[in-house]
Amino acid sequence: MSKEVKPESVSLNPLGTAAAPESELLCIYGTGDLGRSLGLRLLQSGYRVVYGSRRPHSCGPLPQGAQVMSHAAASQSAGLVFICIHREHYEFLEALAPQLKGKVLVDVSNNLKKNLYPEANAEYLQRLVPGAHVVKGFNTLSAWALQNGPTDANRQVYLCGNSAEAKQAVAEAATKLGFSVLDRGSLSAARELEDFPLQLFPEWRLPLRVAVGLTAFFFFYVLLRDVVYTYVYEGKDISFRIMVSLANKVFPIVSLIMLALCYLPGVIAAVLQLYRGTKYKRFPNWLDRWMLCRKQLGLLALGFAFLHVLYTLIIPIRYYVRFRIGASTISQIKENKTNEFDNTSAWRSDSYYSVGILGFAVYLLLGITSLPSVSNALSWREFSFVQSKLGYLTVFLCTLHTYLYGWNRFLKSYAYKWYTPPGYMLSLVLPSVVLVLKLLLMLPCVDRTLTRIRQGWERTDPEDDSKKSLLT
Ligand code: NAP
């Protein structure tokens with residue numbers, strides 16, 4: 001390949017002494033947002049920049065020190081050309097194919113939607129200018145990130161292309177701009193790179209759907225049982241409770257269910273392995289998908305728990321609560337009687353709060369250890385200890401907190417309005433199932449078999465054995 005990109009060239013004067021090194025000239029097609037930001041960054045990093053534009057005389061202010069010319073003239077003396085133009089306008093490049101022959105073209109373009117075109121933008125560019133070496137790259141950075149320099153969230157530049165030398169030239173420029181380069185292979189990976197910026201929290205989608213679904217279901221469930229029921233049977237409008245009381249019922253319910261959903265797939269996987277007697281059979285796809293989003297489920301569950309804590313903290317300053325306490329005190333004074341101190345209630349409420357606080361503390365610890373900067377500092381054993389042992393402890397404490405909240409109301413018929421159980425009782429089903437299954441899996445005889453399976457031991461099927469002996 002005739003690679004025209006040269007590293008910094010050193011020119012010699014007639015006396016043979018070295019002159020100041022001449023900085024490399026790079027070309028940018030397009031004087032829009034990305035072109036300008038990239039040009040500024042390249043100039044700051046010591047490159048010379050020439051712009052190729054449709055309107056070289058009226059393209060507006062450009063970074064100081066950059067030149068601007070027609071497309072053909074601009075790319076003449078540069079070996080590397082950044083195409084900072086939208087794909088829809090690439091056709092004119094076909095006519096420039098002879099001038100661009102042998103040059104490295106960096107395709108930085110993105111699309112508005114996935115699969116908008118039958119081929120990737122970079123492959124299309126390669127088709128238009130077959131004699132050039134197209135490299136896909138820089139498209140995952142924004143103009144803003146380029147202008148401000150690399151930050152933690154925008155440190156990487158992904159590259160792909162068919163020519164190793166062309167990729168090397170682009171990688172050198174990216175490194176000089178302060179970015180770290182990740183080579184994603186040949187130009188056929190361009191579509192994948194073009195889809196990167198279009199992704200919107202892909203691994204959060206399922207957990208978010210679960211969270212929204214559960215919140216909506218329990219909101220209407222609690223609304224019916226509390227507000228509508230009271231209106232129908234007592235004629236009282238207590239709709240003001242929607243804002244705090246209902247929210248503070250729905251959030252812990254959703255939090256507990258989602259926490260249980262983090263640990264349920266692990267338990268199901270263990271039961272499957274025990275049933276199959278091997279770890280070498282793949283889990284069904286739905287279970288794989290479920291397991292992969294446990295971290296997001298857990299973090300969302302922690303978010304709901306956090307809301308529950310905040311809503312609980314404001315209870316004493318609520319108008320309704322202050323009114324009820326005042327009214328009860330006045331009625332005691334009027335009737336000249338004092339409510340007896342109930343030791344059992346005191347135990348119940350203190351245990352309920354204490355277990356809740358402990359549960360939330362361990363919950364927070366779990367959340368913190370799932371942050372990449374913290375988990376990277378832990379060994380695999382430490383990480384699995386925290387996520388598994390402390391995880392089940394969190395499920396246990398939060399479930400106990402909810403059982404203590406219910407106390408003996410489980411047995412009272414008035415709790416079952418319209419023959420439906422209260423929301424918190426429904427929220428106890430999944431975590432209770434998880435804890436019971438986990439306890440069963442911890443039984444020494446079960447645990448021993450499971451450990452052996454996970455170490456590679458396989459239970460042989462007696463039927464298979466008998467078939468084998470018939471064959472031999
Ligand atoms: P822009 O601000 O609209 O600039 C595009 C430039 O393309 C124009 O300034 C113009 O430059 C040139 N152009 C427009 N119509 C043309 C035509 N018919 N023929 C030839 N040239 C034409 O767009 P941008 O935001 O800089 O984006 C440029 C490319 O970078 C796009 O492919 C985009 O997907 C990609 N990108 C942008 C960002 C970003 O943050 N903006 C991030 C990643 C990737 P002249 O007037 O000088 O010819």
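Below: a short report on this structure. Quick caveat: nothing in here was measured; it's all calculated off a predicted structure. (Residues numbered from 1 in each chain as written. Predicted model: local features only at pLDDT ≥ 70, side-chain atom pairs only at ≥ 80, totals over all residues. Heavy atoms only, no water.)

1. Quick notes on the pattern of salt bridges
Line of reasoning, step 1. Tallied over the full model, the rule gives ten salt bridges.
Line of reasoning, step 2. One salt bridge in this structure joins Asp-107 and Lys-136, with 2.5 Å as the shortest N-O distance. Residue Asp-107 is found in strand S5 (residues 104–107), and its partner Lys-136 is found in strand S6 (residues 133–137); the two are separated by 29 residues along the sequence. The same class applies to Asp-107 as to Lys-136, namely buried.
Line of reasoning, step 3. Glu-234 is paired through a salt bridge with Lys-236; the nearest N and O atoms lie 3.9 Å apart.
Line of reasoning, step 4. Accessibility expressed as a relative area gives 47% for Lys-236, which makes it partly exposed.
Line of reasoning, step 5. Within the structure, one salt-bridge network assembled from shared partners comprises Asp-107, Lys-136 and Glu-194. (Salt bridge = Lys/Arg side-chain N within 4 Å of Asp/Glu carboxyl O. Helix = DSSP H or I, 4+ residues; strand = E, 2+ residues; numbered from the N terminus. Buried < 20%, exposed > 50% of the residue type's maximum accessible area, 1.4 Å probe, protein only.)

2. With respect to the state of the cysteines
Line of reasoning, step 1. A full pass over the atoms with the stated rule returns zero disulfides.
Line of reasoning, step 2. A disulfide-free cysteine, Cys-27 has its sulfur positioned 9.6 Å from the sulfur of Cys-84, the nearest such atom.
Line of reasoning, step 3. Taking relative accessible area as the criterion, Cys-27 reaches 0% and is therefore assigned buried.
Line of reasoning, step 4. Just so you know, Cys-262 is unpaired, no disulfide at all, and the nearest cysteine sulfur is the one on Cys-293, 8.4 Å from it. (Disulfide = S-S within 2.5 Å.)

3. What to know about the layout of surface pockets
Summary: where empty space remains is shown by rolling a probe the size of a single water molecule over the atoms.
Line of reasoning, step 1. Of the pockets and cavities examined, the second largest pocket occupies roughly 1500 Å³.
Line of reasoning, step 2. Arg-294, Ser-384, Gln-387, Ser-388 and Tyr-392 are, among the 40 residues lining the second largest pocket, the residues nearest its centre.
Line of reasoning, step 3. Of the residues that constitute the lining of the second largest pocket, the class distribution is 23 nonpolar, ten polar and seven charged. (1 Å grid on protein atoms, 1.4 Å probe; cavity = no way out; pocket = protein on both sides within 12 Å on 5 of 7 lines; lining within 4 Å. Points joined across faces, edges and corners; volume = space filled by probe spheres on them. Nonpolar A, V, L, I, M, F, W, Y, C, P; charged D, E, K, R; others polar.)

4. Some words on the site of the ligand
Line of reasoning, step 1. Near the ligand lie 20 residues; those nearest to it are Thr-31, Leu-34, Ser-53, Asn-110 and Ala-143.
Line of reasoning, step 2. Contacts to the ligand include Asp-33, whose backbone N or O atom sits 3.0 Å from an oxygen atom.
Line of reasoning, step 3. A distance of 2.7 Å separates an oxygen atom of the ligand from a polar side-chain atom of Ser-53.
Line of reasoning, step 4. Taking 890 Å² as the accessible area of the ligand by itself, protein coverage stands at 80%. (Near = heavy atom within 4 Å. Polar contact = N/O pair within 3.5 Å; in protein donor to acceptor, adjacent residues only side chain to side chain. Areas by Shrake-Rupley, 256 points an atom, 1.4 Å probe, with all protein chains shown as cover.)

5. Here's the deal with the nonpolar core
For soluble globular proteins, nonpolar side chains are generally found buried alongside one another.
Line of reasoning, step 1. In this structure, Met-258, Leu-259, Tyr-263, Leu-287, Leu-297, Tyr-363 and Val-434 are the most contacted members of the largest nonpolar core, which totals 54 residues.
Line of reasoning, step 2. Counting only elements with at least two residues in this core, the list comes to helix H9 (205–234), helix H10 (247–276), helix H11 (285–292), helix H12 (294–313), helix H14 (343–369), helix H16 (380–406) and helix H17 (423–442).
Line of reasoning, step 3. Counting residues per element, this core draws most heavily on H10, at 18 residues.
Line of reasoning, step 4. For Met-258, the residues in contact, after removing those within four places along its chain, are Pro-207, Ala-211, Leu-214, Leu-297, Leu-300, Ala-301 and Phe-304. (Core = buried A, V, L, I, M, F, W, Y, C linked by side-chain atoms within 4.5 Å. Contact = heavy atoms within 4.5 Å.)

6. Side note on the side chain of Lys-103
Line of reasoning, step 1. Within the secondary structure, Lys-103 sits in the loop between helix H4 (97–100) and S5.
Line of reasoning, step 2. Within polar-contact distance, the side chain of Lys-103 engages the backbone oxygen of Ala-78 at 3.0 Å.

7. A look at the side chain of Thr-399
Line of reasoning, step 1. The topology assignment puts Thr-399 in helix H16.
Line of reasoning, step 2. There is a polar contact of 2.4 Å between the side chain of Thr-399 and the backbone oxygen of Val-395.

8. Quick notes on a nonpolar patch on the surface
Line of reasoning, step 1. A surface patch of nonpolar side chains, amounting to about 610 Å² of accessible area, comprises Leu-224, Val-228, Tyr-231, Val-232, Tyr-233 and Trp-418.
Line of reasoning, step 2. Counting through the fold element by element, Val-232 comes out in helix H9. (Patch = residues over 30% accessible without salt bridge, like charges linked within 9 Å, V, L, I, M, F, W, Y side chains within 5 Å.)

9. Description of a positive patch on the surface
Line of reasoning, step 1. On the surface, Lys-114, Arg-205, Arg-209 and Arg-289 cluster together to form a positively charged patch.
Line of reasoning, step 2. Note that Arg-289 resides in helix H11.
Line of reasoning, step 3. A relative accessible area of 53% places Arg-289 in the exposed class. (Lys, Arg positive; Asp, Glu negative; His and termini not counted. Charge placed at Lys NZ, Arg CZ, Asp CG, Glu CD.)

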